[in-house]
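Now for the letters of each chain:
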Amino acid sequence: MRVLPTTLLMTVLLVVPLWSQEGDAPEETTAITVDRIAACTGIEEREPVGSSDSFPADVGEVYCFTHIKGADGETTVTHVWYQGETERARVELNVRSASWRTWSKKKIPAEWAGSWRVVVVDESDNEIGSTSFTVGE
C-alpha cells in the first residue's frame, strides 16, 4: 500500500513550514566593528599614546587599544595576542555601549622579540579587527 507513506509525506511537508514559521526566529544581532585599533606604549584619558608598528626590545609591555562600535547592549570582545603563530594571551574585555573604548596589555620580555599581532574577536569568535607590530627589530 502506498497510501500511508504518501499521507505521511504530505503531512510532514505541510507541518514543517508552519512549525518553522511559528518557532522563535533567531534574533538579529547588531554587528560590532572595530572603528580604531592601535598598538601603543600607554593609554591616557582613554586614548592610545606612543602608537607604533615597531617597538624596541626593551619596551617591557605593549597595549592594544580598540574603539568598538555597534554593540547593542552589553557584550564582550577578546584580544588574542600572538607572537608569530604562537598564541601568548587571550584577554576578554567588556563592551557596555554602542561606542566603547577598551584595551589590554601584554608584558613582552626582550627575548620575545619578533613579529606580533593582536586579533580582536567577538563573542562568536568572529574576527572583527587586528593590528600587527614588531618588537626589537
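Predicted, not measured: the structure shown is a model, and the values here were computed from it.

J.: So what's going on with the side chain of glutamine 83? Which residues, and what values?
T.: By the secondary structure assignment, glutamine 83 is in strand E6 (residues 75-83). Glutamine 83 sits in the buried class, given a relative accessible area of 14%. Among the polar contacts listed, one links the side chain of glutamine 83 to the side chain of arginine 88, at a separation of 2.6 Å. A polar contact of 3.0 Å, which involves the side chain of glutamine 83, links it to the backbone oxygen of tryptophan 112.

J.: How would you summarise the confidence of the model for the chain if you had to cite specific residues and measurements?
T.: Chain-level statistics for the chain give a pLDDT mean of 85 and a share of 78% at 70 or above. For residues 4-26, every residue scores under 50 in pLDDT, and the model assigns this stretch one contact once sequence neighbours within four places are set aside.

J.: Can you break down the nonpolar core residue by residue, with the values?
T.: Core analysis: the biggest nonpolar cluster contains twelve residues, these being Ala39, Phe55, Val59, Val62, Cys64, Trp81, Ala89, Ile108, Trp116, Val118, Phe133 and Val135. Going through the elements one at a time, strand E5 (60-69), strand E9 (114-121) and strand E10 (127-135) are the ones with two or more residues in this core. Filtering out sequence-adjacent residues up to four positions away, valine 118 remains in contact with Ile37, Cys64, His79, Val80, Trp81, Gly129, Ser130, Thr131 and Phe133. Residues Val34, Ile68, Val95 and Val120 belong to the second largest nonpolar core, which totals eight residues.

J.: Residue-level account of the packing of aromatic side chains, with values.
T.: Any two aromatic rings considered together are summarised by their centre-to-centre distance and by the angle between their planes. Scanning all chains against the criterion turns up four aromatic pairs. Here the aromatic rings of phenylalanine 55 and phenylalanine 133 are separated by 5.6 Å at their centres, their planes lie at 85 degrees, and the arrangement is edge-to-face. Of this pair, phenylalanine 55 sits in strand E4 (residues 54-55) while phenylalanine 133 sits in strand E10; the two residues are 78 residues apart in sequence, bridging distant segments of the chain. Grouping residues by exposure puts phenylalanine 55 and phenylalanine 133 together as buried. Through a chain of ring-to-ring contacts, the aromatic side chains of Phe55, Trp81, Trp112, Trp116 and Phe133 assemble into a single cluster. Between arginine 88 and the ring centre of tryptophan 112, over which it is positioned, the NZ or CZ distance is 4.0 Å. Above the face of the tyrosine 82 ring, arginine 117 is positioned so that its terminal group lies 4.1 Å from the ring centre.

J.: Give me the pairing of E10: which residues, what numbers.
T.: Bridging between E4 and E10 involves two bridges; their strand directions are parallel. The residue of E10 that forms the bridge with phenylalanine 55 is valine 135. Examined bridge by bridge, E9 and E10 share eight bridges and lie antiparallel to one another. Within E10, the position partnered with serine 115 by the bridge is threonine 134.

J.: Describe the sheet that holds strand E7 (residues 86-95), listing the residues and the values that go with them.
T.: Taken in spatial order, the five strands of this open sheet run E4-E10-E9-E6-E7, and their pairing is mixed. Each edge of the open sheet is held by one strand with a lone partner, namely E4 and E7. Sheet topology note: the E6/E7 ladder contains nine bridges and is antiparallel. In the strand pairing of E7, glutamine 83 is matched with threonine 86.

Definitions and cut-offs
Residues numbered from 1 in each chain as written. Predicted model: local features only at pLDDT ≥ 70, side-chain atom pairs only at ≥ 80, totals over all residues. Heavy atoms only, no water. Helix = DSSP H or I, 4+ residues; strand = E, 2+ residues; numbered from the N terminus. Buried < 20%, exposed > 50% of the residue type's maximum accessible area, 1.4 Å probe, protein only. Polar contact = N/O pair within 3.5 Å; in protein donor to acceptor, adjacent residues only side chain to side chain. pLDDT = per-residue confidence, 0-100. Contact = heavy atoms within 4.5 Å. Core = buried A, V, L, I, M, F, W, Y, C linked by side-chain atoms within 4.5 Å. Phe/Tyr/Trp six-rings, centres within 6.5 Å; stacked < 30°, edge-to-face > 60°. Lys NZ or Arg CZ within 6 Å of the ring centre and 35° of its normal. Pairing = 2+ DSSP bridges.

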